[in-house]
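Spelled out from the first residue to the last, the chains are:
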Amino acid sequence: MEKAAVNEDGLVIPLIDFSKFLEGDETLKLETAKAILHGFQTAGFIYLKNIPIQPDFREHVFNTSAKFFKLPKEKKLEVGWTTPEANRGYSAPGREKVTQLTDPAEIEKIRSAAPDIKESYEIGREDEPGHPNPWPAEQDDLVGFKSTMNNFFDQCKALHVEVMRAIAVGMGIDANYFDSFVDVGDNILRLLHYPAVKSEVFKINPGQVRAGEHTDYGSITLLFQDSRGGLQVKSPNGQFIDATPIENTVVVNAGDLLARWSNDTIKSTVHRVVEPPKQEDVHPPRYSIAYFCNPNHKSYIEAIPGTYAAESEKKYEGINSGKYLVQRLAATY
């Protein structure tokens, strides 16, 4: 396997060539799958290179995303985020506060003191009844926006299926075990823009971050970063370590629902986005794209076979995926 992407303070995040799982012989496929599973079990994070989504198309998606965020605020608010059930549309800076807290009053308190310095636009699957995507008008620079994002959504959906197959192979269960849990595509594509910000903002308020420390809710998250940096992952010793961008890779982390599904044999690790490491008076904008992968909303999630020897060893009761995700999401808005 390749050199680790991150190796500091007990946090080892592997860099894995995913083409070896997709195209390798059975021995190489199994070796790669075990490396992926080990990364999720120990760090909760992995980096993947040589994924099927081509670099030139990823660059096009990033450029298209930037064009959306350049729209006047009133135009973006026309396609505003509405409800946790829909989880689609635009969120202005300061609206969402990602955190590990669950009490609404406590969340509002930290939101007021140090709001997250970011704006976002969420896209779901096109065919979910009652929850259409609120697309911006396709004119000028945004011509082709919808088709670009739907294409990217579908390619990320396919990658989600393959990563879950790798996890299954690594666990020693049927490679297609998760297929019926993730075939609908109840996932969310989130375009993220962290506006330019003066470095003094972080000095004046030491608690200020671009996105507060949190874990993700679903099965896995596919994170595509630009080169600016700022993502940090919490080490086993409690320190936040830079997850430095590596060109033409995707960062993949396990979410809370996968940790629960795996009977806590897989880790959902706390992470955040802070001031970029490069010292400068004004930090340029940062763009990233997160594809939040979830089990189908109708799925009933209980411990995966092989993660327990007896019923008494199951740490959690079974739960409906959609209900769980809506409850978690509602607390952050």
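Source: prediction; values computed, not measured.

The rules behind the values
Residues numbered from 1 in each chain as written. Predicted model: local features only at pLDDT ≥ 70, side-chain atom pairs only at ≥ 80, totals over all residues. Heavy atoms only, no water. Disulfide = S-S within 2.5 Å. Buried < 20%, exposed > 50% of the residue type's maximum accessible area, 1.4 Å probe, protein only. pLDDT = per-residue confidence, 0-100. Contact = heavy atoms within 4.5 Å. Axes fitted to C-alpha atoms, helices over the stretch in contact; angles between N-to-C directions. Helix = DSSP H or I, 4+ residues; strand = E, 2+ residues; numbered from the N terminus. Parallel < 35°, antiparallel > 145°, perpendicular 65-115°, else oblique. Nonpolar A, V, L, I, M, F, W, Y, C, P; charged D, E, K, R; others polar. Core = buried A, V, L, I, M, F, W, Y, C linked by side-chain atoms within 4.5 Å. Phe/Tyr/Trp six-rings, centres within 6.5 Å; stacked < 30°, edge-to-face > 60°. Pairing = 2+ DSSP bridges. Left-handed = near helix turned anticlockwise from the far one by under 90°. Salt bridge = Lys/Arg side-chain N within 4 Å of Asp/Glu carboxyl O.

As a further point, take the state of the cysteines. Such a bond, covalent and formed between the sulfur atoms of two cysteines, is termed a disulfide. All told, the structure shown has 0 disulfides when counted by the stated rule. Free cysteine Cys156: the closest other cysteine sulfur is in Cys293, separated by 7.3 Å. The buried category is assigned to Cys293, whose relative accessible area is 0%.

Attention now goes to the confidence of the model for the protein. The predicted structure's coordinates, where accompanied by low pLDDT, should not be read in detail. Per-residue confidence for the protein gives a mean pLDDT of 91; residues scoring 70 or more make up 91%. Note that residues 107-114 has pLDDT below 50 and, in this model, 20 contacts with residues that lie over four places away or in other chains.

Before going further, it helps to examine the packing of helix H2 (residues 26-42) against helix H6 (residues 145-171). The N-to-C vectors of H2 and H6 enclose an angle of 95 degrees; their axes lie 8 Å apart at closest approach. One element, H2, and the other, H6, form an angle in the roughly perpendicular class. Residue-level contacts link Leu30, Ala33, Lys34, Ile36, Leu37 and Phe40 of H2 to Val163, Ala166, Ile167, Val169, Gly170 and Met171 of H6. Residue composition of the contact of H2 with H6, grouped by class: 10 nonpolar, 1 polar and 1 charged.

Looking at where Phe153 falls in the secondary structure, it is placed in helix H6. Between the alpha carbons of Phe153 and Val233 there is a distance of 25 Å; along the sequence they are 80 residues apart. Residues within four places of Phe153 in sequence aside, it is in contact with Ile123, Gly124, Arg125, Gly185, Asn187, Ile188, Leu189 and Tyr291.

Right, let's talk about the nonpolar core for a bit. The biggest cluster of nonpolar side chains holds 66 residues, and the ones touching the most others in it are Phe40, Leu48, Tyr121, Ile167, Leu222 and Phe224. It is H6 that contributes the most residues to this core, 13 residues altogether. By size, the runner-up hydrophobic cluster in this structure holds 18 residues, among which are Leu11, Tyr47, Val251 and Val273.

The next subject is the packing of aromatic side chains. All told, the structure shown has 14 aromatic pairs when counted by the stated rule. When the ring of Phe68 is compared with that of Tyr121, the centres are 4.6 Å apart and the planes differ by 40 degrees; the resulting orientation is tilted. Taken as a pair, Phe68 in helix H3 (residues 55-69) and Tyr121 in strand E6 (residues 119-123) lie far apart in primary sequence, 53 residues in all. In textbook terms, an aromatic cluster arises when at least three aromatic residues are bridged by ring pairs, as seen for Phe68, Phe69, Tyr90, Tyr121, Trp135 and Phe145.

As summarised here, the arrangement of the 4 strands in space is E9-E14-E11-E12, forming an open sheet in which the pairing is antiparallel. Edge positions in the open sheet fall to strand E9 (211-214) and strand E12 (240-242), since each of these has one partner strand only. Along the sheet, successive strands turn relative to each other by an average axial angle of 25 degrees, direction set aside. In this sheet, strand E14 (residues 271-273) lies alongside E9 in antiparallel orientation, the contact comprising 2 bridges. Following the sheet pairing, His214 is matched in E14 by His271.

How two helices pack is summed up by the angle between their axes together with the distance between the axes. Taken N-terminus to C-terminus, the directions of H3 and H6 make an angle of 135 degrees; their axes are 10 Å apart at the nearest point. As judged from the angle between their axes, H3 and H6 are oblique. Seen from above, H3 lies across H6 with left-handed handedness. Where H3 approaches H6, its residues Phe57, Arg58, His60, Val61, Thr64, Ser65 and Phe68 are matched on the opposing element by Phe145, Thr148, Met149, Asn151, Phe152 and Gln155. Among the residues making up the contact of H3 with H6, the classes are represented as 6 nonpolar, 6 polar and 1 charged.

Right, let's get into the pairing of strand E16 (residues 286-293). Counting buried residues along E16, 7 of its 8 residues qualify, which places the element largely inside the surrounding structure. Note: strand E7 (residues 188-194) against E16, 7 bridges, orientation antiparallel. Within E16, the position partnered with Ile188 by the bridge is Phe292.

The strand order E3-E4-E13-E10-E16-E7-E6-E5 describes an open sheet built from 8 strands, whose pairing is mixed. Because the sheet does not close on itself, it has two edges, and the strands there are strand E3 (15-17) and strand E5 (89-91). Averaged over all pairs of adjacent strands, the angle between their axes in this sheet comes to 25 degrees, without regard to strand direction. Along the sheet, H2 makes contact with E3, strand E4 (45-49), strand E10 (220-225) and strand E13 (249-254), crossing E4 at roughly 145 degrees. The strands that H3 touches are E5, E6, E7, E10, E13 and E16; relative to E16, the one it contacts most, it runs at about 110 degrees.

A few words now on the pattern of salt bridges. Considering all chains together, one arrives at 12 salt bridges under this definition. When the shortest N-O distance is used, the salt bridge between Arg125 and Asp127 registers 2.8 Å. Under the relative-accessibility criterion, Arg125 is labelled buried at 15%. A residue is classified by how much of its surface remains accessible, and Asp127, at 55% relative accessible area, is exposed. A salt bridge links Arg165 to Asp179, with the nearest nitrogen and oxygen atoms 2.8 Å apart. Within this pair, whereas Arg165 is found in helix H6, its partner Asp179 is found in helix H7 (residues 179-182), the two being separated by 14 residues in sequence. The partly exposed category is assigned to Arg165, whose relative accessible area is 23%. Salt bridges sharing partners connect three or more residues here, namely Arg125, Asp127 and Asp186.

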